[in-house]
Amino acid sequence: MTVTLDTDIKRLSGVGSASGAKLNKLGITTVGSLLYHFPRAYEFRGNVKTVASAEDGETAAFILTVTAPPTYAKTRSGLMLFKVPAGDGTGSCIVTFFNQAYIKNTLLTGSSYRFYGKVSRRGRHVELHSPVYEPYSESLLPLYPVYPATEGFGSSRINKLISLIIDRPDTVLPENLPDEVIEAEQLMSRTEAIRTIHHPCSLEAIAAAKRRLAFEELFGFALNARRQRKTEDALPRAEFHGCDCSEFRAAIGFEPTNAQKRVMNEIYADLTGKDNRSPMRRMVSGDVGSGKTVCAQFAAYVASENGYQTALMAPTEILARQHYEDCKKLFSALGKTVKLLVSDIPAKDKKDAYESISAGDCDLVIGTHALITEKVVFKNLGLVVCDEQHRFGVGQREALLKKGDGAHMLVMSATPIPRTLALVLFGDLDVSVIDEMPPGRREVRTAYRDEESRDKIYDFIKAQVKAGRQAYIVCPGIEETEDDGLIPLEALSADFSPESYNSQVKRRKAAVNYAETLSTEVFPELRVGYLHGKMKGAEKSAVMKAFERGELDILVSTTVIEVGINVPNASVMLVEDADVFGLSQLHQLRGRVGRGKYASYCILMANSPGQNAVSRLKIMEQENNGYKIAEFDLKQRGPGDFIRDNGEKIRQHGALKLRMAGALDDAKLLYSAFEWAEKYSKESV
Ligand code: ADP
Ligand code: MG
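Residues numbered from 1 in each chain as written. Chains lettered and ligands numbered in written order. Predicted model: local features only at pLDDT ≥ 70, side-chain atom pairs only at ≥ 80, totals over all residues. Heavy atoms only, no water.

Notes on the packing of aromatic side chains
Part 1: By the definition in use, this model includes 17 aromatic pairs.
Part 2: Ring centres of Phe 215 and Phe 219 lie 6.3 Å apart, and the angle between their planes is 15°; this geometry places the pair in the stacked category. Remark: Phe 219 and Phe 215 occur in helix α7 (residues 203–232); sequence separation between them is four residues, near one turn of the helix. There is no split in this pair, since Phe 215 and Phe 219 are both buried.
Part 3: One cation-aromatic arrangement involves Arg 45 over Tyr 144; the distance from NZ or CZ to the ring centre is 3.6 Å. (Phe/Tyr/Trp six-rings, centres within 6.5 Å; stacked < 30°, edge-to-face > 60°. Helix = DSSP H or I, 4+ residues; strand = E, 2+ residues; numbered from the N terminus. Buried < 20%, exposed > 50% of the residue type's maximum accessible area, 1.4 Å probe, protein only. Lys NZ or Arg CZ within 6 Å of the ring centre and 35° of its normal.)

So this is what it looks like as structure tokens:
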């Protein structure tokens, strides 16, 4: 049978219909999607330890010679426990297996194997529990792939299936990048990149494969975005005429910044321009507090003056309610009707909202996903606004847009990303940037500190609470799972160091207990709440609301607080292990304080960070402009963080998952991928 990328996975030998169905669940339907099912992480089997240096609890590789045949015994639970004596010259070790009688035939006395598994150590007694192993040879690969898997079809079966194809020397994938591009950008060939990503022979090779595959994704993504834009040109469009906006300007109660004026003009031109062929598709990007809301309100005003309704969708109920309060104040002064629609309101109010939306009595409806349900029928929807756009899938936005005929769309993003990058990533949107803050904004005083100042920092937090303020303490990974010894694909680069990576993992693990220590030992007299990503929605919002009502003094949290919480009374934020965050992320976090009338502080804790990290944290001390910070971040860490943070938006492009590009640490490659795509999109039309 000749196998091509389009060959159905079920036709491969060894894949029955049951296995096929399981693979389909993982998105693997064809040989092509199998080969593009990249490892999520690697076991670092090349990082060989000696028995003498093995630490209790760690997962590592060892090269051991079997010194005697296995002994076995029955455990109390009825399992057969096999013990294989082995050693490596620095010490001896017992390798244990359960119920695997065949090991006496596969682990031969006098032969050497590479074992990889979890160590337990009691003094000099070292055991290695149920490790994987392979006969030792010089040519063993240092990195062993671990795949996203599913129940009944595990990672090693996926590996076997992939190996069947890529281990055949005659396997050649048709190249999908133009020759001149491969040459100019010095990229690996497609075949070699796919082989390498699954079975890497070195860190350098894997870095080159990631680079090639990221380029391929971005190039495809950009071509696709260009084409999508072309088809959208033909969409119907709700016709808006120009209108007098002086009443609106008078009602907002402040003078817009120049940046806001510019953005409002751009929106106005999109909505009312005579020559526009397609509806508005615009993103407004601006720092937290830069005043995006008024731009959206302006658009809603223009829509209502044209007899159209507006739907504003926010990612959380808290945000929706905030917008509702704001908009009600402004729009009732202008004689317009505003309604709130979230799942948590009385049935009577919901019914009332549905009725007034369908009758056209309501000019602006503000809500959560509740807006998408079938019960919501608009009389005349002309504008959709999505706040914090990265929290919505494009499917949700499209669903809302479909409730109107040729409705315009405005999305607002609080992730300041450089405009050039935004144009690249959001190829199907126009981009407006608010890169200026309203006057009188107090800057958040930011300081980078290390462990020596810890007591002083705790005292400072206590003093702030005593003065009536509240505090955030952010930790990188309260929900981090156990140290499984795996190195995620994202972390691997040519200069990857397993030692520094492992020490990072250890520090994150420590954060789990830290949250508890804070409430029981550090701040026993204060009210401390926790918030983390694994909590249920209701639990989470109960904690957030308690903090908002001032019933908690300190909120210990992972980065889930980034979006959707506004507590003007919070004046201090302590970020633990600040060096593991991207700068843009730190900047986002910091935006949670300094929202009220109080002097505010952000303390970035980092212990023995590298040179790079120190200079990054210094930038945070000096710079409050999110766009400048983002530029710096992009230069230093590459676009991977931005791409991952905007994952939802990007996933819309369906088949083209930006899987590798999310691990990209080279901004130049991104831009060149887009320049080439630009060139080829013209040639192919
Ligand atoms: P974000 O961009 O984070 O959504 P908002 O639109 O919520 O920011 O604005 C933050 C605060 O700043 C609001 O209270 C808003 O009324 C106020 N604001 C916005 N623009 C101006 C301005 N030009 N002058 C003074 N205050 C402003
Ligand atoms: Mg906002």
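The structure having been displayed, the exposition proceeds.
Overview of the pairing of strand β22 (residues 570–575)
Part 1: Across the six residues that make up β22, a large majority, six, are buried.
Part 2: Alignment of strand β18 (residues 470–474) against β22, held across five bridges, turns out to be parallel. Opposite Ile 473, over in β22, you have Leu 574 as the bridge partner.
Part 3: As paired elements, β22 and strand β23 (residues 601–605) share four bridges and run parallel to each other. The residue bridging Met 573 from the neighbouring strand is Cys 602, located in β23.
Part 4: With respect to chirality, the unit in which β22 leads through helix α18 (residues 583–590) into the neighbouring parallel β23 is right-handed. (Pairing = 2+ DSSP bridges. Right-handed = clockwise from strand over helix to strand, strands pointing away.)

What to know about the state of the cysteines
Part 1: Per the stated rule, a full pass over the model turns up zero disulfides.
Part 2: Considering cysteine sulfurs only, Cys 245 is the nearest to Cys 243, which forms no disulfide, with 4.0 Å between them.
Part 3: Residue Cys 243 is classed as buried on the basis of its relative accessible area of 17%.
Part 4: With no disulfide partner, Cys 475 has as its closest neighbouring cysteine sulfur the one in Cys 602, 13 Å distant. (Disulfide = S-S within 2.5 Å.)

Topic: the nonpolar core
Part 1: By size, the foremost hydrophobic cluster in this structure holds 136 residues, and its most contacted members are Leu 35, Ile 197, Phe 215, Leu 218, Ile 267, Phe 331 and Leu 341.
Part 2: Per-element tally for this core: the top contributor is α7, with eleven residues.
Part 3: Counting residues in hydrophobic clusters, the runner-up holds 33 residues, among them Val 444, Leu 555, Ile 565 and Leu 583. (Core = buried A, V, L, I, M, F, W, Y, C linked by side-chain atoms within 4.5 Å.)

Structural notes on the domain arrangement of the protein
Part 1: Entries for the protein in the domain assignment read domain 1 (9–42 + 144–201), domain 2 (46–140), domain 3 (238–434) and domain 4 (445–623).
Part 2: With centres defined by C-alpha atoms, the gap from domain 3 to domain 4 works out at 32 Å.
Part 3: At the junction of the two partners, domain 3 supplies 13 residues and domain 4 supplies eleven residues.
Part 4: Taken together, both faces of the contact between domain 3 and domain 4 bury some 950 Å²; the carbon and sulfur share is 54%.
Part 5: Scanning the region where domain 3 abuts domain 4 turns up zero salt bridges.
Part 6: Along the contact surface separating domain 3 from domain 4 lie two residue pairs in polar contact (both at pLDDT 80 or more).
Part 7: Partitioning the side of domain 3 that touches domain 4 into residue classes produces five nonpolar, four polar and four charged. (Domains from an automatic or database assignment. Contact = heavy atoms within 4.5 Å. Buried area = accessible area lost by both parts, 1.4 Å probe. Salt bridge = Lys/Arg side-chain N within 4 Å of Asp/Glu carboxyl O. Polar contact = N/O pair within 3.5 Å; in protein donor to acceptor, adjacent residues only side chain to side chain. Nonpolar A, V, L, I, M, F, W, Y, C, P; charged D, E, K, R; others polar.)

Side note on the environment of Pro 498
Part 1: Assignment of secondary structure puts Pro 498 in helix α16 (residues 498–522).
Part 2: Taking the C-alpha atoms as reference points, Pro 498 and Ile 487, separated by eleven residues in sequence, lie 8.3 Å from one another.
Part 3: Ignoring anything within four residues of it in the chain, the contact list for Pro 498 reads Phe 44 and Asn 47.

A look at the sheet that holds strand β21 (residues 554–557)
For sheets, the rule is that strands pair by backbone hydrogen bonds, running either parallel or antiparallel.
Part 1: Read from one edge of the open sheet, six strands run β17-β23-β22-β18-β21-β20, paired in parallel fashion. Since the sheet does not close on itself, it has two edges, and those belong to β17 (445–449) and β20 (528–531), each with one partner. Across this sheet, the average inter-strand angle for adjacent strands is 15°, counted without regard to direction.
Part 2: Sheet contacts for α18: β17, β18, β22 and β23; angle to β22, the most-contacted strand, approximately 150°.
Part 3: Seen against the sheet, helix α19 (residues 611–622) touches β17 and β23 and runs at an angle of roughly 160° to β17. (Axes fitted to C-alpha atoms, helices over the stretch in contact; angles between N-to-C directions.)

A short note on the sheet that holds strand β10 (residues 281–286)
Part 1: Taken in spatial order, the seven strands of this open sheet run β12-β13-β11-β14-β15-β10-β16, and their pairing is parallel. The open sheet has two free edges, formed respectively by β12 (338–341) and β16 (430–434), since each of these has just one partner strand. In this sheet, neighbouring strand axes are inclined to one another by 20° on average, regardless of whether the strands run parallel or antiparallel.
Part 2: Two strands pair when backbone bridges link them, and strand β11 (residues 309–313) and strand β13 (residues 364–367) are joined in this way by four bridges, in the parallel orientation. Pairing of Met 313 across the sheet is with Gly 367, part of β13.
Part 3: Seen against the sheet, helix α10 (residues 293–305) touches β11, β13, β14 (381–386), β15 (408–413) and β16 and runs at an angle of roughly 170° to β15.

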